[in-house]
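# A structural walkthrough
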Amino acid sequence: MDFSTALGKLMDYASRYLALKKRNEIYARNTVLMLLGRESWEECAAVYEGEPLAVLLDALTAEIDEAEREKVQDAVMGAVMLSPAEVEDAFSAHYAKSPADATDWFYRYCVASNYVKKALLDQNPRFTGSNGLVVTINRTKPEFRDPKKAMSGNSVKGGYPKCSICRENEGYSPRGKRTLRTVSFTLADGKWFWQFSPYGYFYQHGIAVNERHTPMHVDGATFAALMDFLDAFPHYFIGCNAALPSIGGSVLAHDHFQGGGEMLPMFAAKVAVPLRHDRFPGLEMGILDWFNTVVRIEGEDAGAVMAASELIANFWKSYRNEALGLIPEDENGRHHAVSPTVYMNGRKYCMNLIFRSNITSSEFPDGVFHVHPEFHIIKKESIGLIEAQGLFILPGRLVEQLGALKKAIAAGSLPPELEEFRLLYDEIGQMDGDPDACIREELASICERMLQNTAVFKTHAETAEFLKGAGFYVE
Ligand SMILES: [Zn+2]
């Protein structure tokens, strides 16, 4: 496709899908010419005919240095879309119809602007294991096998913007954020904003971010903010990573939540051990039938759900049980934290508290309640909020590696270069059936065992014993 046809089609696309106004068309086109280092184009009335956006953008930037191309394409899209204030106004207008109408519109808009890379995401393999866990292989996101590197990837030396999720990233070209748009709201007396993740793990995956660059924390104010979020967006779930290093959160420097429009596998889990507490007669509570340690607290009274959550979270933060390796604090700092995640179940607020510990030992230098070394070939990164809820994001390299493993299984011998996959090879060898189905089941089974590694209590009886100390009793 020649340059001028691509430009004509892009302008038509922008007027149809990005709400580019007729009155702004000339100015927007001239901005695109400037960004591409051009002084003119051959005027044409090309019509957008459903081509993948990438085809138009590649044609427009064919002469741009390859290293710069992605950033320039982002800038081009940023030039033909609505401004942040216009997006905010449109979001409010849709919100007046319904919260779901607003988030649906905003998500579609972010896909149309190419900020959310949906076409790439749709190519990621995804399946559900017989144990209910959802496994995706993310080919678009780089793998951080070193947790320290993962941390440094998000912190910024020198200060502007202070981190990768500060609102100052909106339109910030060095990070390819010309197409980033965010929308504002208030949670627990504080100003927050929402943005969708460009490489989201599930439908409408996004983050709610505190407008202030203030460190992650999980306390009473967090629970209040989560409840306010549900009042504003009752069709979403929302949660946050534990506010300690190595147990999920990669951006600890900036207070934020994660959530979106898909109900994750853990939400379907049932209560295995119902609990009561004299202070909270109106709440349904219990230990969840799930692979890691989770307590669910449910009720129509948001204040009571928050109070019970805070009681348990605080009790856990100082809980000591050396026989189980649970040390709340030592010379390396604090080790116990919770990941809360909430959704609406009809009129009831449903809080799920996931218990985490980042303590290490000489046997497990990456963490006792971390994925154990025999599974690092599948995943070494820490298990975050989304995976703790049963949606796994495995590294893209596995597509090639599992393909090679499948050949090895068919050939009946494991070549030396695949020796790391011995565990999978042996276990799949015990299974019957279609090789692809066996590999999928094996992956889901390993994900289950990885979650069990992160369980701070290995039995419901141990969890119940812990909760007894905070005044809970088994019904
Ligand atoms: Zn920040």
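What counts and how
Residues numbered from 1 in each chain as written. Predicted model: local features only at pLDDT ≥ 70, side-chain atom pairs only at ≥ 80, totals over all residues. Heavy atoms only, no water. Domains from an automatic or database assignment. Contact = heavy atoms within 4.5 Å. Buried area = accessible area lost by both parts, 1.4 Å probe. Salt bridge = Lys/Arg side-chain N within 4 Å of Asp/Glu carboxyl O. Polar contact = N/O pair within 3.5 Å; in protein donor to acceptor, adjacent residues only side chain to side chain. Nonpolar A, V, L, I, M, F, W, Y, C, P; charged D, E, K, R; others polar. Pairing = 2+ DSSP bridges. Helix = DSSP H or I, 4+ residues; strand = E, 2+ residues; numbered from the N terminus. Axes fitted to C-alpha atoms, helices over the stretch in contact; angles between N-to-C directions. Parallel < 35°, antiparallel > 145°, perpendicular 65-115°, else oblique. Left-handed = near helix turned anticlockwise from the far one by under 90°.

Right, let's talk about the domain arrangement of the protein chain for a bit. Under the domain assignment used here, the protein chain contains domain 1 (3-81), domain 2 (86-113) and domain 3 (119-389 + 457-474). The gap between the C-alpha centroids of domain 1 and domain 2 is 23 Å. With seven residues of domain 1 at the interface, the matching set in domain 2 holds four residues. For the pair domain 1 and domain 2, the summed buried surface comes to about 500 Å²; carbon and sulfur atoms form 53% of the total. Three residues, L18, M77 and M81, lead the burial of domain 1 against domain 2; their summed loss comes to 61% of the area buried on that side. Linking domain 1 with domain 2 are zero salt bridges. Joining domain 1 to domain 2, the criterion identifies two residue pairs in polar contact (both at pLDDT 80 or more). Partitioned by chemical class, the residues of the side of domain 1 that touches domain 2 number six nonpolar, no polar and one charged.

The next point concerns the pairing of strand β8 (residues 271-276). In this structure, β8 lies alongside strand β9 (residues 284-288), joined through four bridges in antiparallel fashion. Paired with L275 across the two strands is M285, which belongs to β9. With two bridges joining them, β8 and strand β16 (residues 473-474) adopt antiparallel strand pairing. Looking at the pairing, R276 lines up with Y473 of β16.

Glancing now at the packing of helix α13 (residues 422-429) against helix α14 (residues 435-454). At a minimum axis separation of 10 Å, α13 and α14 run at an interaxial angle of 120°. It follows that α13 is oblique to α14 by the angle criterion. Crossing geometry of α13 relative to α14 is assigned as right-handed. Between α13, through L423, L424, E427 and I428, and α14, the contact on the second element is made entirely by C438, I439, E442, L443, I446 and R449. Across the contact of α13 with α14, the residue classes break down as seven nonpolar, no polar and three charged.

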